[in-house]
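Structural overview
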Amino acid sequence: MAALNGGKTFVQDEEKQRLLLEEHTEKHFTAGEVVRDIIIGVSDGLTVPFALAAGLSGANASSALVLTAGLAEVAAGAISMGLGGYLAAKSEADHYNRELQREQDEIDTVPDVEAAEIADILSQYGLGPSEYGPVVTALRNNPKAWLEFMMKFELGLERPEPRRALVSAATIALSYVAGGLVPLLPYVFVPEAGRAMAVSVAVTLAALLFFGFVKGRFTGDRPFLSAVQTTVVGALASAAAYAMARAVQSV
């Protein structure tokens, strides 16, 4: 009778926990990798073409020439950045798969050693032998869960999304294009490069402020500080390119 009551209590507790989890909805931001790719693409897209346009304007190039060179740079930069994102994500996936196979081989060939590693990992969380013993046994009886546990808690590796490489490449490339067009748009409508550069500076600095603020909100940094830092970096890059172009022209 006591055993039956104990089993009934366990079922009731499990049902209570399930109901609590259904009632409690946690709101976590789960698109970190996509946001990171957008930040990389937009920040470089705003800065590099901006600096290039400022440098060419400093060399007294026409708006048409600045626009042509800027668009060429945006295209090349988007391809390069997208390819870099693809290769980085692909390398992460390849690394995960290699470690997955190595860990599977260790579970197959030296299971007792791997089981001892489970115990060691759980003991670091303050669990004693009587507490982590059933967990070790349960994992040994579930090879798939055992492998996933070792990958996550021993190696600290999360299974990558299957299409992560393609998504990363597309996100970075499109973000770079979106950012790169901002400093170039004034050269479409203003034929005189000097005036176009002044408008480009104002528009791009405003875009950098806005982007830095949004980036700070998503990454957990102080939004206003992030906005100032992002703007200062972009302004320094364009100022350096402009000064270098003027210096070369005066030689």
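Definitions and cut-offs
- Starting afresh in each chain, residues are numbered from 1 along the sequence in its written order.
- Two thresholds apply to this predicted model, a pLDDT of at least 70 for residue-level local features and 80 or more for giving and counting side-chain atom pairs, whereas whole-chain, interface and lining totals are computed over all residues.
- Only heavy atoms go into the side-chain values, all of them from the structure, while hydrogens and water stay out.
- UniProt positions are given in the numbering used here, feature names are shortened, and annotations may be inferred rather than shown by experiment.
- A run of DSSP states H or I qualifies as a helix once it reaches four residues; a run of E qualifies as a strand once it reaches two. Both are numbered from the N-terminal end.
- What a helix should span is 1.5 Å times the count of its residues minus one.
- To sort residues, take the accessible area from a 1.4 Å probe on protein chains only and compare it with the maximum for the residue type: under 20% means buried, over 50% means exposed, and anything in between is partly exposed.
- It is the directions from the helix axis to the C-beta atoms that the arc portrays.
- Contacts are assigned to residue pairs that have any heavy atoms within 4.5 Å of one another.
- To obtain an axis, a line is fitted to C-alpha atoms, over the contacting stretch when the element is a helix, and the angle between two such axes runs from 0 to 180 degrees between their N-to-C directions.
- We call two directions roughly parallel when the angle between them is under 35 degrees, roughly antiparallel when it is over 145, roughly perpendicular when it lies between 65 and 115, and oblique otherwise.
- Note: crossing handedness is left-handed where the near helix turns anticlockwise from the far helix by less than a right angle, and right-handed where it turns clockwise.
- Take a side-chain nitrogen of Lys or Arg and a carboxyl oxygen of Asp or Glu: if they are within 4 Å of each other, that pair is a salt bridge.
- Amino acids are sorted into nonpolar (Ala, Val, Leu, Ile, Met, Phe, Trp, Tyr, Cys and Pro), charged (Asp, Glu, Lys and Arg) and polar (every other residue, Gly among them).

**Some details on the UniProt feature "transmembrane region" (unreviewed entry) in the chain**
Feature annotation in UniProt places "transmembrane region" (unreviewed entry) on residues 165-190, 196-214 and 226-245, given in this structure's numbering. Between the end C-alpha atoms of residues 165-190 the distance is 39 Å, and the span holds 96% helix and 0% strand. The span residues 196-214 carries 100% helix and 0% strand; its end-to-end C-alpha distance comes to 27 Å.

**Focus: helix α5 (residues 129-140)**
Relative to the 16 Å expected for 12 residues at 1.5 Å per residue, α5 spans 16 Å between its end C-alpha atoms, a close match to the ideal helical length. Among the residues making up α5, those that are buried are Tyr-132, Val-136 and Leu-139. For α5, the arc enclosing every buried residue in end-on projection is 65°, short of the 170-degree limit, so these residues lie on one face. Those residues of α5 that are exposed and aimed more than 90 degrees away from the buried face are Ser-130 and Pro-134.

**Some words on the environment of Ala-119**
On the secondary structure map, Ala-119 appears in helix α4 (residues 111-123). The exposure class of Ala-119 is buried, given its relative accessible area of 14%. Distance from Ala-119 to Val-136, taken between C-alpha atoms, is 6.7 Å for residues 17 residues apart in sequence. In this structure, Ala-119 is in contact with Tyr-132 and Val-136, ignoring residues within four places of it in sequence.

**Remarks on the packing of helix α3 (residues 63-109) against helix α7 (residues 164-189)**
Packing of α3 against α7 leaves a shortest axis separation of 7 Å and a crossing angle of 165°. If you check the angle between α3 and α7, you find them roughly antiparallel. Between α3 and α7 lies a crossing whose hand is right-handed.

**Concerning the pattern of salt bridges**
Throughout the structure, instances matching the rule amount to 5 salt bridges. Among the ionic pairs, Asp-37 bridges to Arg-36, the shortest N-O distance being 3.9 Å. Among the ionic contacts, a cluster of salt bridges with common partners joins Arg-36, Asp-37 and Arg-164.

**Digging into the packing of α3 against α4**
The axes of two packed helices give the description: the angle between them and the distance between them. Contact geometry of α3 with α4 gives a least axis separation of 5 Å together with a crossing angle of 110°. In terms of orientation, α3 and α4 fall into the roughly perpendicular class. On the side of α3, the interface is formed by Glu-103, Glu-106, Ile-107, Asp-108 and Thr-109, while α4 contributes Pro-111, Glu-114 and Glu-117. Residue classes in the contact of α3 with α4 are distributed as 2 nonpolar, 1 polar and 5 charged.

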